[in-house]
Structures are given as C-alpha cells and as structure tokens.
Amino acid sequence: MCLAVPGKVVSIDHRADPLTGLIDFGGVRKQACLEYLPDLRVGEYVIVHVGFALQRLDEESARASLELFEQLGLLEEEFGDPWAQAAQQAEDTERQAEATAPRAADAVAAERSGSEAR
C-alpha cells in the first residue's frame, strides 16, 4: 500500500535542485521533494506521497494521523521498523567488510611475495 503520510519538516536543502528536505514521520526520517511547496519552513507539517510533499498540514491533524497510522500498523507497513532496518544495515556492512578484508590481505601478501622474487 502506498500512503500519503504526514510528517514534520526537519531541514530544507535550498541548494538542491529540485528543492528537497528531511521529513520526520514519527521517528522515521526520509528525504522528500519540496518543489510543490517552495515557501515551506522548518517545523511545518506536510503530507508526503511517493516522496513528494503535496500540501501543508496543521500540527494537530498531523499528529492525530500519525498516531492513527501507528495504531493500525500502517507506518511499519509503509516504512518498516527503523530499528530492524538499522540492525540489518549494520549486519550488511559488517558482512561486506569481512568479505573484502581477506582480499585486501591477499593483495598485500601477493605484493610482498612479488617484491621478494625480484
């Protein structure tokens, strides 16, 4: 399912083309395009759909919607569990480091044996 989710503008990158900003969706932070709302300010709430901030929203409505989405499990469905995602990323990074470490050691050993042969 793809939702239009309310979020709070945390930062805006005015140098980006297109204009983008970091949006906080109840603890999950994602970049979104802000081109449709170029006069948006940090601290305001917006509705974001497929990565585009489409309209402003008052704080009370945004918080009520986020609470309801969370109760229904829609935020997890839309964004996943941020802690599980972070743990998975850490595992993937560790596996990748372990996979490349032996190659680096082999390259150093090969270089040393090559210089000894000279």
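The rules behind each value
- Residues numbered from 1 in each chain as written.
- Predicted model: local features only at pLDDT ≥ 70, side-chain atom pairs only at ≥ 80, totals over all residues.
- Heavy atoms only, no water.
- Helix = DSSP H or I, 4+ residues; strand = E, 2+ residues; numbered from the N terminus.
- Polar contact = N/O pair within 3.5 Å; in protein donor to acceptor, adjacent residues only side chain to side chain.
- Contact = heavy atoms within 4.5 Å.
- Buried < 20%, exposed > 50% of the residue type's maximum accessible area, 1.4 Å probe, protein only.
- Pairing = 2+ DSSP bridges.
- Salt bridge = Lys/Arg side-chain N within 4 Å of Asp/Glu carboxyl O.

Chemist: Before we move on, could you go through the side chain of Asp 24 and cite the residues and values that matter?
Modeler: Inspection of the secondary structure puts Asp 24 in strand E2 (residues 20–25). In this structure the side chain of Asp 24 is engaged in a polar contact, spanning 3.2 Å, whose partner is the side chain of Arg 29. With residues up to four places along the chain from it excluded, the contact list for Asp 24 reads Gly 7, Lys 8, Val 10 and Arg 29.

Chemist: Explain the pairing of E2 to me, using residue names and the numbers behind them.
Modeler: Along any regular strand the residues' side chains alternate between the sheet's two faces. With 5 of 6 residues buried, E2 lies mostly within the body of the structure. Pairing of strand E1 (residues 4–13) with E2, which is carried by 5 bridges, proceeds in the antiparallel orientation. In the strand pairing of E2, Lys 8 is matched with Asp 24. Remark: 6 residues form the turn of the hairpin made by E1 and E2, two consecutive strands paired antiparallel. Pairing analysis gives 6 bridges linking E2 to strand E3 (residues 28–33), with the strands arranged antiparallel. In the sheet register, Asp 24 faces E3, and the bridge partner there is Arg 29. Linking E2 back to E3 in an antiparallel pair, the connection comprises 2 residues, with Gly 26 at a positive phi of about 65°.

Chemist: Give me the pattern of salt bridges: which residues, what numbers.
Modeler: All chains considered together, the criterion is met by 5 salt bridges. Note that Asp 13 is salt-bridged to Arg 15, the shortest N-O span being 3.7 Å. By relative accessible area, Asp 13 is classed as partly exposed at 29%. The exposure class of Arg 15 is exposed, given its relative accessible area of 78%. The salt bridge partner of Arg 56 is Asp 39, with a shortest N-O separation of 2.9 Å. Pair noted here: Arg 56 is in strand E5 (residues 52–57) and Asp 39 is in the loop between E3 and strand E4 (45–49), with a separation of 17 residues, a long-range link. In this structure, a network of salt bridges that share partners links the residues Asp 39, Glu 44 and Arg 56.

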